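Chains, contacts and geometry: an overview
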Amino acid sequence: MGYPFIDTLKFDDKGLIPTVCVDYKTGEVLMVAYMNKDSLEETMKKRICTFWSRSRQELWLKGATSGHTQEVVEIRTDCDNDTLVIKVKQNGAACHMGYYSCFYKLIKEDGELVEDGKKVFNPENIYKQ
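Residues numbered from 1 in each chain as written. Predicted model: local features only at pLDDT ≥ 70, side-chain atom pairs only at ≥ 80, totals over all residues. Heavy atoms only, no water.

**A word on the overall build of the protein**
Spelled out, the test is: For the purposes of this entry, the term helix denotes a DSSP run of H or I that reaches at least four residues, the term strand denotes a run of E that reaches at least two, and both are numbered from the N terminus. What the globule rule says is 2.2 Å times the number of residues to the power 0.38, and the radius of gyration is computed from C-alpha atoms. Each residue gets one of three labels from its accessible area relative to the maximum for its type: buried under 20%, exposed over 50%, partly exposed in between, using a 1.4 Å probe on protein chains only.
For the protein, the helix and strand inventory stands at one helix and eight strands. Written out in order from the N terminus, the α and β elements of the protein read β-β-α-β-β-β-β-β-β. The C-alpha atoms of the protein give 15 Å as radius of gyration, which agrees with the globular expectation for 129 residues (14 Å, within 12%). In terms of its C-alpha atoms, the protein occupies a principal-axis envelope of roughly 45 × 35 × 30 Å. Counting the 129 residues in the protein, one finds 36% classified as buried.

In structure tokens, the structure reads:
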């Protein structure tokens, strides 16, 4: 099954498009990853976020190891068709460091960097370090 909108998207020279995942209820930014055409088609079919792993050079089903999946609620593109925003129902944590959002670090006005997020799990219990 093809998805005609995919041909209107502007993928970069590596065939990737940045994708911002946000909590569908709160609007909190959970993570940023990259998709290629194959991962976007998988995401559309399964309604579970699948990305392209730039480090491993393979499709990456979010939550395959941790069980912390992202169910797709809505997909949007920006005015230039070169970035995606996916509203998701986050099951567990988005961050491999155990936080609900990957954006758990706050830069204070004085420049101090502090952890300011909800820790959902201990990564040592899920990932083999």
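**Here's the deal with the pairing of strand β3 (residues 50-53)**
The test is simple: For two strands to count as paired, DSSP must find a minimum of two bridges between them.
The two faces of β3 match: Thr 50 and Trp 52 on one face and Phe 51 and Ser 53 on the other face are all buried. Of the strand pairs in this sheet, β3 and strand β4 (residues 58-61) are connected by four bridges, and their pairing is antiparallel. Directly across from Ser 53, in β4, lies its bridge partner Glu 58. Hairpin connection from β3 to β4: four residues lie between these consecutive antiparallel strands, with Gln 57 at a positive phi of about 55°.

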